[in-house]
Amino acid sequence: MSLLIRRIALENFRKFRAPHEVAGLTGGLNIVIEPNETGKSTLLEAVRAALFLKHGSTTRLIRSFQPIGDNVGPQVALDFDVAGARWSLTKRFIKSASVDLSGPTGRQQGEAAEQALQALLGFEAGQQGTGFDKALHGALGLLWVAQTDGLCVEAPGSSLRDLIGATLESEAGALVGGAAFERIRARIDTQYAAYFTGRSGAPTQRLLAAQKRVAAAAETLAEAERREGLLEAAFADLDAARRQLSTLRRELENDPDAAERAGLLARLETARGAALQLATRKAEAAAAAARRDGLEDLAARHTAALERQARAQDRQQAARAELADLSAGVEAARARADTARGALATALSAREAARTALAQARAQDTAERRRAQIAAAHERLAHVAALEAERAPSMQRCARRSRRRFSKTLPRPSAKSCATALFSKPTAPASNWSAQEASRRTERRWKPASGR
């Protein structure tokens, strides 16, 4: 048998006062993800109530389905498939209790629908106390795990154990004595050898390790059960607080002073609104004061900037006046420079004229010196000529003596005798040839000097 839920719809079921529907469920794994305290566990309890609880029952569990403070009838509607066939179930509890089951065999209501549902799902009819009894849910009870039952391992009920035993016996009877039995026996022996040794049946290391893990798991389970007890106590306290809150709400609704209390609450809300407005106005005033301070600071900075600008303008005017003075000084300096350039040009012209005059004077002086030197040379030449004229007779006598001596002995006259004869006092006047020859020699000697 396979059970596949397609749609869940509920109304007035605990916190779901308004109609709520979860549709589009498909085959395989369907995950519902929502924050805590949004009704996921309530949705699971609604499905279990529609499938396994009778509509006419008024047990404590069924009364807990009503929303707190509301005297209404919780209602659950399911669309599901069993063995591939589509079924629809609508069940209402407490107020106008009813049940409606529709499927391939038709539509059924009331007790007939309850019996048909019980036969369809294979569970037992019985009284549900403060919680769901898994022993009455049949084979589906083994697969139905609530949020608080995840760590609880319970044995199935007697009827379910009988059903499982009968099924196993029929299957084992069909296997005993055949090849399949031998394969199963070999596997059993292999599994037995993994946990026990030989015929003594002593536990192996694998079994001992498993037993240690079981002991640790038992301790963990004990701690979890302790925490679960604390959590259940906390849940019980929470339920009691909720019931007390519901009672107080009902008392407040029936209180004769409700109108006065409502007026007080209204005035309280008005006072809260006024306090909120006052806080808002204070915040706005603080913001305005901050803006005013900012504007004052900005005005002060603006005034300081204007003062700095005025001082800068004064300095600029002074700089401009100084620049004008400097410009006038520059113009005067330029005029003086032009005058100095003119004077310099005049001085340069005068210097060139002086250099020219100096060159001319030097040339004239050189010419005068040359003329004086030439005159002196002429004078010396005349003096030399006079001297030569005076010594000509002596030279002639020396020459005659020399010829006579040469004629006798033909000796070569020495330079000393010639010099003595030349510079000795003449006794007769010189001839004209000797004077002319001396003049030519003197002119040849002075020609280089006159050329310089």
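Report on the accompanying structure. Small disclaimer: the values here were computed from a predicted structure and weren't measured.

**Some remarks on the nonpolar core**
Okay, step 1: Among the nonpolar cores identified, the biggest contains 32 residues, and Ile-8, Leu-10, Leu-51, Leu-78, Phe-80 and Leu-89 are the most heavily contacted of them.
Okay, step 2: Listing elements by their share of this core, those giving two or more residues are strand 1 (3–11), helix 1 (40–52), helix 2 (60–63), strand 3 (75–82), strand 4 (85–92), strand 5 (98–103) and helix 3 (110–121).
Okay, step 3: Top element by residues in this core is helix 1. It accounts for seven residues.
Okay, step 4: Residue contacts for Phe-80: discarding those within four places in its chain leaves Leu-3, Leu-4, Ile-5, Arg-6, Leu-51, Ala-85, Arg-86, Trp-87, Leu-89, Leu-101, Leu-117 and Leu-120.

**Brief notes about the pattern of salt bridges**
Okay, step 1: Using the criterion set out here, one finds 21 salt bridges in the structure.
Okay, step 2: Among the ionic pairs, Arg-7 bridges to Glu-21, the shortest N-O distance being 2.8 Å. Pair noted here: Arg-7 is in strand 1 and Glu-21 is in strand 2 (residues 20–22), with a separation of 14 residues, a long-range link.
Okay, step 3: Relative accessible area serves as the criterion here: at 22%, Arg-7 is assigned to the partly exposed category.
Okay, step 4: A relative accessible area of 47% means that Glu-21 is categorised as partly exposed.
Okay, step 5: Connected via shared salt-bridge partners are Arg-6, Asp-81 and Arg-86.

**What about helix 3?**
Okay, step 1: Under the 1.5 Å per step criterion, the end-to-end length of helix 3 is 17 Å for twelve residues, consistent within 8% with the ideal 16 Å.
Okay, step 2: Among the residues of helix 3, Ala-113, Glu-114, Leu-117, Leu-120 and Leu-121 are the ones counted as buried. Looking down the long axis of helix 3, one finds its buried residues gathered within 130° of arc, a one-sided arrangement.
Okay, step 3: Count one or two residues on from helix 3 and you reach Gly-122, which has phi positive near 75°.

**Some thoughts on a positive patch on the surface**
Okay, step 1: A surface patch of positive charge is lined by Arg-400, Arg-401, Arg-403, Arg-404 and Arg-405.
Okay, step 2: When you line up the elements, Arg-403 lands in helix 8 (residues 258–409).

**Considering the pairing of strand 3**
The side chains of a regular strand alternate, residue by residue, between the two faces of the sheet.
Okay, step 1: In terms of burial, strand 3 is a largely internal element, seven of the eight residues being buried.
Okay, step 2: In terms of strand pairing, strand 1 meets strand 3 through eight bridges, oriented antiparallel. Bridging from a neighbouring strand, Ile-8 pairs with Leu-78 of strand 3.
Okay, step 3: Both strand 3 and strand 4 contribute to a ladder of eight bridges, which runs antiparallel. Pairing of Asp-79 across the sheet is with Ser-88, part of strand 4.
Okay, step 4: Here strand 3 folds back onto strand 4 in antiparallel fashion, the turn holding two residues, of which Ala-83 has a positive phi close to 55°.

Conventions we followed
- Residues numbered from 1 in each chain as written.
- Predicted model: local features only at pLDDT ≥ 70, side-chain atom pairs only at ≥ 80, totals over all residues.
- Heavy atoms only, no water.
- Core = buried A, V, L, I, M, F, W, Y, C linked by side-chain atoms within 4.5 Å.
- Buried < 20%, exposed > 50% of the residue type's maximum accessible area, 1.4 Å probe, protein only.
- Helix = DSSP H or I, 4+ residues; strand = E, 2+ residues; numbered from the N terminus.
- Contact = heavy atoms within 4.5 Å.
- Salt bridge = Lys/Arg side-chain N within 4 Å of Asp/Glu carboxyl O.
- Expected span 1.5 Å × (residues − 1).
- Arc of directions from axis to C-beta.
- Patch = residues over 30% accessible without salt bridge, like charges linked within 9 Å, V, L, I, M, F, W, Y side chains within 5 Å.
- Areas by Shrake-Rupley, 256 points an atom, 1.4 Å probe, with all protein chains shown as cover.
- Lys, Arg positive; Asp, Glu negative; His and termini not counted.
- Charge placed at Lys NZ, Arg CZ, Asp CG, Glu CD.
- Pairing = 2+ DSSP bridges.

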